[in-house]
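Residues per chain are reported as follows:
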Amino acid sequence: MRSREVGLLGLSALCAVAVSVGAGGCQPEGNTRPPGWSGGPGGTTGQGGSGAETASSGEGGRRGDEGAAATGSAGEGGSGTEDPPAARVATIEEITTGVVARDTVVELKGVVAMSQKFFVDLTRSGACLWGVFLSSPNLTETAANSGILAVSRSEALTDENGDVVCPRLENASAGDPFPDDVAPGDVLDVVGETTYFTSSSCSDACGDLNCNAESDPPETADTCRQDCGASPELIAQSAVGQYQVEWIKSVTRTGHVEPPTPHVLTADEVMKLSSPTEAELFHAWGGVKVRIEGPLNPVLRTNSMGEDVVVGAYGNIHLEGGPVQVGDKIYYVGGAQSACHKGPIYSNVNIVFNRVDGFLYNNFCIWSLQPANKCADIDPPSEDCATDASMCR
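Residues numbered from 1 in each chain as written. Predicted model: local features only at pLDDT ≥ 70, side-chain atom pairs only at ≥ 80, totals over all residues. Heavy atoms only, no water.

## Quick look at the overall build of the protein chain
Phase 1 of the analysis: When helices and strands are counted, the protein chain shows seven helices and 18 strands.
Phase 2 of the analysis: Taken over 393 residues, the protein chain has a buried fraction of 56%.
Phase 3 of the analysis: For the protein chain, contacts bridging at least 24 residues in sequence account for 75% of all contacts bridging at least 6. (Helix = DSSP H or I, 4+ residues; strand = E, 2+ residues; numbered from the N terminus. Buried < 20%, exposed > 50% of the residue type's maximum accessible area, 1.4 Å probe, protein only. Contact = heavy atoms within 4.5 Å.)

Structural data, given as structure tokens:
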């Protein structure tokens, strides 16, 4: 009977995210890192992606790829017979507070990129999904409802083996509307469509979590999650989704500013974010870059050799005080040559973290904290950052 590590989350909801109709579900184990992995590349399909005890956000939004292609909307192909709706100028706050309805074409003017572009997922219909976190303009510090994930698309490639893959951002162009070199602080005008990302895919079948997936007959989803280490409270959080801007139609870079510093979550805020009754807090801080301050002790995991490790399977670090899962979804690139795109390395099991900066992100069925830079967003930085915390900027 196979088991997959799915740890407890203070900032998370288990199985809140996966895919809508026609988009890819939780990645199978063959496309993620093997249990016991602790810092090397994951050998994933195409760009790879972090895998992690996590399922990608933004994999389909409100509609399937096939449906989009049939109508010719959202840049997925198809001839289309109707003129696209005019974009409504909107703010991030209007989207994340529900003032602007879902499925509305919007233009976000002067928003600030808070992350580099990163691989989100490969859909079943052959679309590569790419993400950039955005912030409201004119902020010196991030605030509630001021951040959102923007998800763009490009067509997948076929490799020499006939497999459908996505480009590796380390050495190839993604081919989507976002500039390949988009960086924190870039000022952008973005046109896309508002979505609210939720799915039942990860709760529909035990195998979607790769957790005891070989049992016959398959176990129920709740039993599966409990076997993976999920508490009843986390199971109850599964209805919490994430506001996004998807189906990106155009991106114009207009300048560059100093990005706002991350808001420091109080201990009370962190604990409330681990409650299934605090959906408004999830929505308020989802997509926002925030900071949790230490001392933060890691919850040690056990690798395939029976050793205690700080970095668990799929590159995740679990911290006490919620607890909190810290992932590497944004900066990790499967098969990367640069240390900046590899998973974190912490060999000292007695390490204490002073702070972690990251985005509250609904990734692979779990809300987690995702740093954009393992050298600058985590203190102390990953061991392969040496002494230069800015090396991956």
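## Concerning the side chain of lysine 117
Phase 1 of the analysis: Take lysine 117: it is sitting in the loop between strand E2 (105–113) and strand E3 (118–122).
Phase 2 of the analysis: Separated by 2.5 Å, the side chains of lysine 117 and aspartate 176 make a polar contact.
Phase 3 of the analysis: A polar contact is formed between the side chain of lysine 117 and the side chain of aspartate 180, at a distance of 2.8 Å.
Phase 4 of the analysis: Lysine 117 has contacts with Trp130, Gly131, Val132, Leu169, Ala174, Asp176, Phe178, Pro179, Asp180 and Val182, leaving out every residue within four places of it along the chain. (Polar contact = N/O pair within 3.5 Å; in protein donor to acceptor, adjacent residues only side chain to side chain.)

## Overview of the environment of methionine 271
Phase 1 of the analysis: With respect to the helices, strands and loops of the structure, methionine 271 is situated in helix H6 (residues 267–273).
Phase 2 of the analysis: A residue is classified by how much of its surface remains accessible, and methionine 271, at 45% relative accessible area, is partly exposed.
Phase 3 of the analysis: Once the C-alpha coordinates of methionine 271 and valine 324 are considered, the two residues, 53 residues apart in sequence, prove to be 9.7 Å apart.

## Some remarks on the state of the cysteines
Phase 1 of the analysis: Counted under the stated rule, the structure contains three disulfides.
Phase 2 of the analysis: Sulfur-sulfur distance for the disulfide between cysteine 128 and cysteine 166 comes to 2.2 Å. With the S-S dihedral at roughly -105°, the linkage between cysteine 128 and cysteine 166 falls on the left-handed side. Taken together, the positions of cysteine 128 in strand E4 (residues 127–135) and cysteine 166 in the loop between strand E7 (164–165) and strand E8 (186–197) put the pair 38 residues apart, joining distant regions of the chain. Assigned by exposure class, cysteine 128 and cysteine 166 land together as buried.
Phase 3 of the analysis: With a sulfur-sulfur separation of 1.9 Å, cysteine 375 is cross-linked through a disulfide to cysteine 385. (Disulfide = S-S within 2.5 Å.)

## Quick notes on unusual backbone geometry
Phase 1 of the analysis: The linkage connecting glycine 294 with the following residue, proline 295, adopts the cis geometry, with an omega of 10°.
Phase 2 of the analysis: Among the secondary structure elements, proline 295 is positioned in strand E11 (residues 289–296).
Phase 3 of the analysis: Following aspartate 379, the chain continues to proline 380 via a peptide bond in cis, the omega torsion being 0°.
Phase 4 of the analysis: Following the sequence through the fold, proline 380 ends up in the segment after strand E18 (378–379).
Phase 5 of the analysis: Backbone geometry places asparagine 138, a non-glycine residue, at a positive phi of 65°.
Phase 6 of the analysis: Tracing the chain through its elements places asparagine 138 in the loop between E4 and strand E5 (147–155).

## Some words on the confidence of the model for the protein chain
Phase 1 of the analysis: In the predicted model, the protein chain carries a mean pLDDT of 73, and the fraction of residues at 70 or more is 65%.
Phase 2 of the analysis: Mean pLDDT values over the elements of the protein chain span from 31, in helix H1 (residues 65–71), up to 98, in E2.
Phase 3 of the analysis: Between residues 1–80, whose pLDDT stays under 50, and residues either more than four places distant or in other chains, the model counts 333 contacts. (pLDDT = per-residue confidence, 0-100.)

## Topic: the pairing of E4
Taken residue by residue, a regular strand's side chains alternate between the two faces of the sheet.
Phase 1 of the analysis: Among the nine residues of E4, nine are classified as buried, and the element is accordingly described as predominantly covered.
Phase 2 of the analysis: Side chains Ala127, Leu129, Gly131, Phe133 and Ser135 of E4 all project onto a buried face; the interleaved residues Cys128, Trp130, Val132 and Leu134 project onto the opposite face, where all are buried too.
Phase 3 of the analysis: Pairing of E2 with E4 involves two bridges; the strand directions are antiparallel. Note that in E4 the partner of valine 112 across the bridge is serine 135.
Phase 4 of the analysis: As consecutive antiparallel partners, E3 and E4 are separated by four residues, and within that stretch glycine 126 has a phi angle of approximately 90°, a positive value.
Phase 5 of the analysis: Sheet topology note: the E4/E5 ladder contains nine bridges and is antiparallel. Residue leucine 134 lies in a different strand from E5, and its bridge partner there is isoleucine 148. (Pairing = 2+ DSSP bridges.)

## Some details on the pattern of salt bridges
Phase 1 of the analysis: Using the criterion set out here, one finds eleven salt bridges in the structure.
Phase 2 of the analysis: Here arginine 153 and glutamate 246 are joined by a salt bridge, their closest N and O atoms 3.4 Å apart. Residue arginine 153 is located in strand E5, and its partner glutamate 246 is located in strand E9 (residues 242–256); the two are separated by 93 residues in the primary sequence.
Phase 3 of the analysis: Salt bridges sharing common partners tie together Glu107, Lys109 and Asp189. (Salt bridge = Lys/Arg side-chain N within 4 Å of Asp/Glu carboxyl O.)

## Observations concerning the pairing of E2
Phase 1 of the analysis: Counted residue by residue, E2 has seven buried out of nine residues, so it is predominantly covered.
Phase 2 of the analysis: Pairing of strand E1 (residues 88–90) with E2 involves three bridges; the strand directions are parallel. If you follow arginine 88 over to E2, its bridge partner there is valine 106.
Phase 3 of the analysis: Bridge analysis of E2 against E8 gives six bridges, and the strand direction is antiparallel. Bridge pairing in E8 places leucine 108 opposite valine 190.

## A closer look at the packing of aromatic side chains
Phase 1 of the analysis: Enumeration over the complete set of coordinates arrives at seven aromatic pairs.
Phase 2 of the analysis: Seen in terms of ring centroids, phenylalanine 118 and phenylalanine 133 are 5.8 Å apart; in terms of plane orientation they differ by 15°. Their pairing is stacked. Within this pair, whereas phenylalanine 118 is found in strand E3, its partner phenylalanine 133 is found in strand E4, the two being separated by 15 residues in sequence.
Phase 3 of the analysis: For phenylalanine 118, a relative accessible area of 1% puts it in the buried group.
Phase 4 of the analysis: Residue class for phenylalanine 133 comes out buried when judged on its relative accessible area of 0%.
Phase 5 of the analysis: Summarising the aromatic geometry, the rings of phenylalanine 133 and phenylalanine 359 are spaced 4.2 Å apart at their centres and angled 10° between planes, so their arrangement reads as stacked. Taken together, the positions of phenylalanine 133 in strand E4 and phenylalanine 359 in strand E16 (residues 353–363) put the pair 226 residues apart, joining distant regions of the chain. (Phe/Tyr/Trp six-rings, centres within 6.5 Å; stacked < 30°, edge-to-face > 60°.)

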